[in-house]
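Overview (structure and organization)
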Amino acid sequence: MSWICDGTPKNGQQYPNCSGPHPPYENNGPDCAICGLPQEAMQSAKTVVSSNGGKGGNFPLPILMLVAIALLLLGGGSWWYFSQRGGDRTVVVENDSGNNSDGVPTSGVNPLAIVSETAVNAELISQGEKILIIGGRNSQEKTSAAAAFASQDWPGAIQQYQEAVNKDKNDPEAAIYLNNAKAKQAGNPLTMAVVVPITTRVNEAKEVLRGVAQYQGEFNQVPSIPGRLLEVVVVNEKDASLSDSLAEDLIQSSANVLGVIGHGVDNNSRQALTRYEQNNLAVLSPLNTTISTNAGQSTVQTIPLSQTKTILTTYLQKVAETLVNYAVKNHSPAKVTLFYNSDNRYSQDLKGELVSALSKAGATLVKEVDILSPGFDATAEIDKARQAGSNIAFLALSKNQVDRAIALAQANQNQLVLLSSDEMYNPQILVQGGDAIKGMVLAVPWRWRSNDPFASQAGKLWQGRVSWRTATTYDATNALANAFTQFPGDRAAISQQLNQGITLRKTATEFNIFNEIPLVKANPGTAGPTGSKYQFDPIE
């Protein structure tokens with residue numbers, strides 16, 4: 001017999017592990033698919049007296065009142081959608097906009113919802129029903145798994161994605177979709193999204209996805225709320241101009257995406273963050289998130305968009321100070337030629353901070369070079385820098401200028417010391433740069449260390465070293481999942497909790513990047529990406 005649950009116990013008992021109130025939902029199993037309450041929780045001591053004076057059936061009065069309210073809603077512009085898939089009957093309630101005043105989907109969330117089914121950018125979004133990272137030695141298994149996932153054959157999807165993981169343990173997409181299939185099978189996932197540039201920078205996307213996948217796997221082994229596993233929607237931001245549209249797909253989804261990780265520091269990302277903020281959907285992005293560590297614990301906190309310029313400025317100041325101090329200490333007298341690209345705000349801001357830090361440290365700025373200036377020639381510019389007396393080249397370049405950075409390194413032939421920021425922390429640098437990048441020093445948010453528990457665990461899981469992107473997204477996923485378990489289903493409360501800060505006891509970070517920026521150096525070794533003779537080692 002089916003029964004209706006609204007998430008509020010009617011029998012006077014407490015169920016601390018259940019998620020709380022929600023719109024009326026019809027269930028066929030022993031526990032509610034939305035909140036986890038058992039059927040007995042909806043049964044009170046009161047019974048309903050029928051019109052003939054006898055006892056009318058087995059429905060408690062509160063349940064009949066809920067049914068009546070639902071019928072009234074039917075006449076007020078809302079509608080009920082019933083679907084029968086795989087033996088599970090689901091109920092979705094929506095108003096004209098699909099959201100309440102806080103931008104939260106008002107539906108009795110469909111646990112089987114697939115975001116891409118209603119998304120404008122459907123081909124760029126997947127929970128496991130399509131493959132976004134094409135190729136690889138497990139592509140056949142992934143294709144079969146995606147077909148099973150799309151047809152809601154959860155056991156089949158689990159089996160096939162497990163085979164894909166076994167065949168390529170370094171593939172984070174397969175690991176995420178495997179856990180997603182398990183979350184769908186469990187029936188009531190806690191859903192987040194991760195936005196990554198798969199089309200344009202697949203290696204960076206994989207680094208981010210590894211951090212998400214690693215924490216998702218740990219969370220789902222022992223979920224904080226029984227039966228509620230973490231599900232991850234993977235979004236391919238193939239072009240920065242799509243940021244706002246992709247954000248809208250996640251905001252409006254009937255899957256009730258509770259939080260987002262991703263986007264960048266460009267103006268398109270700012271627009272997307274504005275939409276998330278307006279709709280009380282928490283997003284952890286480089287523009288609005290701080291991670292600080294004290295006494296072995298990390299605090300992840302989001303900052304209102306109106307204050308995010310302070311975060312980025314402070315970070316870039318510390319990057320510049322760290323690099324300049326290294327230059328002055330190790331290569332005195334420091335005489336610097338500074339390369340930047342004028343089309344990018346990050347590059348321009350970093351250049352400004354480096355100029356300021358050089359002045360304060362008493363170092364010499366020999367010249368500034370815009371790599372986008374007409375007729376730019378890497379070999380000619382390196383020759384000019386050396387002839388002008390430079391012994392250091394600062395590459396204040398954005399991540400889309402890796403090719404130019406490699407060209408400068410090859411033209412340099414290890415004559416000038418190369419210094420740069422996290423934007424150049426890229427497998428392409430190590431593989432294509434070859435011997436030319438030997439000794440290159442980068443300031444990054446996290447560095448791999450053999451005695452670091454997270455680094456060791458991640459290395460075993462992914463069968464190789466991981467990057468700072470993996471470490472920071474591991475912590476970001478941890479923070480989102482923590483907030484989800486405190487306020488499951490409540491976007492506004494989750495967003496507010498992250499504004500106040502989430503303290504993590506299990507963390508990948510080891511320091512406060514606003515006080516200290518770690519340095520890494522390109523050294524010969526076998527721990528780098530496939531095809532490279534170099535790896536980034538920490539500078540102590």
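Residues numbered from 1 in each chain as written. Predicted model: local features only at pLDDT ≥ 70, side-chain atom pairs only at ≥ 80, totals over all residues. Heavy atoms only, no water.

**Topic: the overall build of the chain**
- Broken down by element type, the chain carries 15 helices and 19 strands.
- A total of 540 residues make up the chain; the buried ones form 54% of that total.
- Restricting the contact set of the chain to residue pairs at least 6 apart, pairs at least 24 apart contribute 67%.
- When the accessible surface of the chain is split by element, carbon and sulfur atoms take 49% of a total near 22500 Å². (Helix = DSSP H or I, 4+ residues; strand = E, 2+ residues; numbered from the N terminus. Buried < 20%, exposed > 50% of the residue type's maximum accessible area, 1.4 Å probe, protein only. Contact = heavy atoms within 4.5 Å. Areas by Shrake-Rupley, 256 points an atom, 1.4 Å probe, with all protein chains shown as cover.)

**Topic: unusual backbone geometry**
- That bond from Ser 332 to Pro 333 is cis: its omega, 0°, falls within 30 degrees of zero.
- Examined against the element boundaries, Pro 333 turns out to sit in the loop between helix 8 (308–330) and strand 12 (335–340).
- One non-glycine residue, Asn 280, lies in positive phi territory at about 55°.
- Mapped onto the fold, Asn 280 is located in the loop between helix 7 (267–278) and strand 9 (282–284).
- Judged by its relative accessible area of 23%, Asn 280 falls in the partly exposed class.

**Quick look at the side chain of Glu 173**
- Summarising the element assignment, Glu 173 is placed in helix 4 (residues 172–186).
- Classification of Glu 173 as buried rests on a relative accessible area of 0%.
- The contact partners of Glu 173, leaving out residues within four places of it in the chain, are Lys 130, Ile 131, Leu 132, Ile 133 and Lys 142.

**Comments concerning the sheet that holds strand 11 (residues 297–302)**
- Judged by pairing direction, the sheet is antiparallel, and its 3 strands sit side by side in the order 10-11-17 without closing on themselves. Of all strands in the sheet, those bounded by a partner on one side alone are strand 10 (289–294) and strand 17 (502–504). Neighbouring strand axes in the sheet, compared pairwise and without regard to direction, differ in orientation by 25° on average.
- Sheet analysis places strand 10 next to strand 11, joined by 6 bridges and oriented antiparallel. Directly across from Thr 293, in strand 11, lies its bridge partner Ser 298.
- Strands in contact with helix 14 (residues 468–486) are strand 10, strand 11 and strand 17; relative to strand 17, the strand with the most contacts, it is inclined by about 120°.
- Of the strands in this sheet, strand 11 and strand 17 touch helix 15 (residues 491–500), which is tilted by about 120° from strand 11. (Pairing = 2+ DSSP bridges. Axes fitted to C-alpha atoms, helices over the stretch in contact; angles between N-to-C directions.)

**Section: helix 15**
- Taken as a whole, helix 15 has its buried residues at Arg 491, Ala 493, Ile 494, Ser 495, Gln 497 and Leu 498.
- For helix 15, the elements touching its buried residues are helix 6 (243–252), strand 9, strand 11, helix 14 and strand 17.
- Looking at where helix 15 begins, the residue whose side-chain oxygen comes 3.3 Å from the main-chain nitrogen of Ala 492 is Asp 490.
- Directly after helix 15, the chain includes Gly 501, whose backbone phi takes a positive value near 110°. (Polar contact = N/O pair within 3.5 Å; in protein donor to acceptor, adjacent residues only side chain to side chain.)

**A look at the environment of Gly 389**
- With respect to the helices and strands, the residue Gly 389 is situated in the loop between helix 10 (378–387) and strand 14 (392–396).
- Distance in space between the C-alpha atoms of Gly 389 and Ala 334 is 9.9 Å, their sequence separation being 55 residues.

**Overview of the sheet that holds strand 5 (residues 125–126)**
- Pairing is mixed across the open sheet formed by 5 strands, whose spatial order is 5-7-6-8-9. A strand with exactly one partner marks an edge of an open sheet, and here the two such strands are strand 5 and strand 9.
- In this structure, strand 6 (residues 190–196) lies alongside strand 8 (residues 259–262), joined through 3 bridges in parallel fashion. Residue pairing in the sheet places Val 194 in a bridge with Ile 261 of strand 8.
- Against the sheet, helix 4 touches strand 5 and strand 7 (230–236), its axis set at about 135° to strand 7.

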